[in-house]
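Residues per chain are reported as follows:
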Amino acid sequence: MKIERTKNASRNIFFGVILKAYQILVPFLMRTAMIYLMGVQYLGLNSLFTSILQVLNLAELGVGSAMVYSMYKPIAEDDNTTLCALMKLYRTYYRVIGLVIAVIGCMLTPFVPRLISGEVPSGINIYILYLLNLGATVLSYWLFAYKNSILQAHQRTDAISKVTLITSTIQYGIQLFVLWVFHNYYLYVIVMLATQALTNIVTAVYADMLYPQFKPKGGIDKIQVQRINQRIRDLFTSKIGGIIYDSADTIVISAFLGLSMLAVYQNYFYILNAITGLIAVVFSACTAGIGNSIVVESKEKNYQDLKKFTFIITWISGFCSVCLLCIYQPFMELWVGKNLMLSFLAVVCFVIYFFVRQFNALFNLYKDASGMWHEDRLRPLTAALTNLILNLILVQVIGIYGILLSTVLAILCVGMPWLLHNLFTVIFEKKHMWSYIKRLVKYSFVVLLSCMFTYFICSRFSIGLVPTILIRGVICIIVPNLIYYLTFRNTDEYRQMLRLVDKMTKGKMCKVLVSLGMN
């Protein structure tokens, strides 16, 4: 089957960006409604259950990616018999995963109250709420989840995005009505459970409309099943780290510092995660191109590309870091009020975490694009366990700062050095590793200076929340970008970035830069 890759990729990116923007803005409004209509403790409960279920979802990690990857070849060869057999295998795996999550989740039920420090909202049965959330997760696997594989393998994730946009709008609309009229958190969760079922059913119907020829039937030979299982094992350990990072932080905060502190922390983390998500949409579009380059180009050419992408992500994440440092606090005060704010030192920790996380994401992008899952299978789990151990120790010493610092330390001291070693052993020439690390240090130093200088200027402006945010926003747009331009304008990486941006904008960017005298 011939797949229109360029058309599908453009369509996927378009709807992906729309969905990401939607998933940032609307949940932000829902968090605001939860705070003011129900109270901050309910928001903490919501975050806790989400994190617990993320841990239970570790049972799935790797299955979806491995199954979709296994479909690429039969799609190219129009081998519908194999595709149908893979769908049947995928359905079986997801039924087992749903059962495992249901059983383990039920076994954990008696221990849920121990994960909460302090009181829960009055009139709330923590067990019922937990089981409702667990039910929503199990349904996501049992109700036609395997149908997603056909859409993903045919590069039709735009169909999934469309369905999610519609069902999420229905969910948030009903949930907002429930909060506004009934102030009932049980109904709020039940709506989520029903919407999860609706999403799966509608997606399955959509998949059947687009590809009616694919039904779960037939069998796969044992050798292919073994290959799929090996990919699942490798992907499981390679992706487990990110889930444990975020979930461990949330659960430890709830257990040691309480639901209110968890809600405050999650408000800050939500903003940070929203910006990270927007950056991820842009860079995820590069995965296929990087994967192709790794296969067909030399190691030296790939290393030059790595330097180019490192420079681009330095500029983008450096600019975002400056904005977070200077605007975080006045925005949070405007959004939730002074009583639900952390100190400026916590903001500094968040900014450091954000900046480090972007580089780690870039390195993981190269790892996934190259399929380097087997070689990297132990690193994420080791880094995640390091983070968890540091969390449990430091939270008892320095509170919320310990949670943030433990994550940064786990990435900088364990995760990132190990991943760099793997990359420069498998993909790039090992001789370049130290010069690349020096480049990272230099870039980080420039970003640090831009943060300090811009914050020094912004701190002079505090004239009401909205004017302060607007003025600081203008300063953050001008000052750090000017610093980066003056510092890097004569470098080869800067010229490569301009050529890439110019190619993406079909020559329009060059005209703008020439008019500004920056090219």
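Residues numbered from 1 in each chain as written. Predicted model: local features only at pLDDT ≥ 70, side-chain atom pairs only at ≥ 80, totals over all residues. Heavy atoms only, no water.

How do you make sense of the overall build of the chain when you look at a structure like this?
Across its full length, the chain carries 19 helices and zero strands. Within the chain, buried positions represent 51% of all 519 residues. If you sum the accessible surface of the chain, you get close to 24,000 Å²; carbon and sulfur atoms cover 67% of it. (Helix = DSSP H or I, 4+ residues; strand = E, 2+ residues; numbered from the N terminus. Buried < 20%, exposed > 50% of the residue type's maximum accessible area, 1.4 Å probe, protein only. Areas by Shrake-Rupley, 256 points an atom, 1.4 Å probe, with all protein chains shown as cover.)

Can you help me understand the nonpolar core in this one?
Soluble globular proteins tend to pack their nonpolar side chains together in the buried interior. Counting 115 residues, the largest nonpolar core has Tyr185 and Phe363 as its most contacted members. With 18 residues, helix α12 (residues 299-336) is the single largest residue contributor to this core. Excluding residues that lie within four positions of it along the chain, tyrosine 185 makes contacts with Met34, Met38, Tyr42, Leu45, Asn46, Ile124 and Leu129. Of all hydrophobic cores here, the second largest spans 32 residues; its members include Val68, Ala102, Ile160 and Phe214. (Core = buried A, V, L, I, M, F, W, Y, C linked by side-chain atoms within 4.5 Å. Contact = heavy atoms within 4.5 Å.)

What exactly am I supposed to notice about unusual backbone geometry here?
The general pattern is negative phi for most residues beyond glycine and trans for most peptide bonds. Phi at histidine 183 is positive, roughly 50°, even though this residue is not glycine. Counting through the fold element by element, histidine 183 comes out in the loop between α7 (157-181) and α8 (185-210).

Help me understand the pattern of salt bridges in this model?
Oppositely charged side chains are able to pair whenever their charged atoms sit close together. Per the counting criterion, the structure on display carries six salt bridges. The shortest N-O distance in the salt bridge between lysine 367 and aspartate 376 comes to 3.5 Å. Judged by its relative accessible area of 1%, lysine 367 is buried. Classification of aspartate 376 as buried rests on a relative accessible area of 0%. (Salt bridge = Lys/Arg side-chain N within 4 Å of Asp/Glu carboxyl O.)

Which parts of the structure should I look at to understand the layout of surface pockets?
Once rolled over the atoms, a probe with the size of a water molecule shows which space is left empty. Taken as a whole, the second largest pocket holds about 580 Å³ of empty space. Of the residues forming the lining of the second largest pocket, the biggest block, ten residues, is contributed by helix α16 (residues 433-458). (1 Å grid on protein atoms, 1.4 Å probe; cavity = no way out; pocket = protein on both sides within 12 Å on 5 of 7 lines; lining within 4 Å. Points joined across faces, edges and corners; volume = space filled by probe spheres on them.)

Hey, could you run me through the packing of aromatic side chains in this one?
Think of a pair of aromatic rings as described by two things: how far the centres are apart, and how the planes are tilted against each other in angle. Across all of its chains, the model carries 34 aromatic pairs by this definition. Both rings, one in tyrosine 265 and one in phenylalanine 269, keep their centres 5.8 Å apart while their planes meet at 15°; by these two values the pair is stacked. Note that tyrosine 265 and phenylalanine 269 are positioned in helix α10 (residues 259-284) at a spacing of four residues, about one turn of the helix. Residue classification places phenylalanine 269 among the buried positions, given a relative accessible area of 7%. These aromatic residues form a ring-pair network of at least three members: Phe311, Trp315, Tyr443, Tyr484, Tyr485, Phe488 and Tyr494. A cation over an aromatic ring shows up here: lysine 308 above the ring of phenylalanine 309, its NZ or CZ 5.4 Å from the ring centre. Residue placement shows arginine 460 over the ring face of phenylalanine 456; its charged tip is 4.2 Å from the ring centre. (Phe/Tyr/Trp six-rings, centres within 6.5 Å; stacked < 30°, edge-to-face > 60°. Lys NZ or Arg CZ within 6 Å of the ring centre and 35° of its normal.)

Any chance you could explain the side chain of asparagine 302 here in plain terms?
Structurally, asparagine 302 can be placed in helix α12. A residue is classified by how much of its surface remains accessible, and asparagine 302, at 3% relative accessible area, is buried. A distance of 3.0 Å separates a polar side-chain atom of asparagine 302 from the backbone oxygen of serine 298. With residues up to four places along the chain from it excluded, the contact list for asparagine 302 reads Ser293, Ile294, Glu297, Tyr366 and Phe428. (Polar contact = N/O pair within 3.5 Å; in protein donor to acceptor, adjacent residues only side chain to side chain.)

I'm lost on helix α5 (residues 126-142) in this one. Help?
Every α-helix carries 3.6 residues per turn, so stepping three or four residues along brings you back to the same face. In a regular helix each residue adds 1.5 Å, so 17 residues correspond to 24 Å; α5 covers 25 Å between its end C-alpha atoms and thus fits that length. For α5, the side-chain oxygen to backbone nitrogen distance between the N-cap and tyrosine 127 is 3.0 Å, and the N-cap itself is asparagine 125. Phenylalanine 144 lies just past α5 and shows a positive phi near 55°. (Expected span 1.5 Å × (residues − 1).)

Can you help me understand the confidence of the model for the chain in this one?
Residues shown with low pLDDT carry predicted positions that ought not to be read at fine detail. Averaged over the chain, the pLDDT score is 83; the fraction of residues at 70 or greater is 87%. Of all the helices and strands in the chain, helix α19 (residues 508-516) carries the lowest mean pLDDT, 47, while α16 carries the highest, 95. Confidence drops under pLDDT 50 across residues 1-6; counting only partners more than four residues distant or on other chains, this segment forms eleven contacts. With pLDDT under 50 throughout, residues 512-517 is counted as low confidence; its partners more than four residues away or in other chains account for five contacts. (pLDDT = per-residue confidence, 0-100.)

Got a minute to help me understand empty space enclosed by the protein in this structure?
Applying the stated criterion across every chain yields a total of one cavity of 30 Å³ or more. Here the largest cavity defines a volume of roughly 30 Å³. Surrounding the largest cavity, Met87, Lys147, Ile150, Ala207, Asp208, Tyr211 and Phe214 form its lining. Listed by contribution, the elements that provide at least two residues to the lining of the largest cavity are α6 (147-153) and α8. Among the residues making up the lining of the largest cavity, the classes are represented as five nonpolar, no polar and two charged. (Nonpolar A, V, L, I, M, F, W, Y, C, P; charged D, E, K, R; others polar.)

Sorry if this is basic, but what is going on with a nonpolar patch on the surface here?
Together, Phe177, Trp180, Val181, Phe182, Leu187 and Ile190 make up an exposed nonpolar region whose accessible area comes to about 630 Å². Contributing elements (two or more residues each) for the nonpolar patch: α7 and α8. Looking at which element gives the most residues to the nonpolar patch, the answer is α7, with three residues. Position of valine 181 among the secondary structure elements: in helix α7. (Patch = residues over 30% accessible without salt bridge, like charges linked within 9 Å, V, L, I, M, F, W, Y side chains within 5 Å.)

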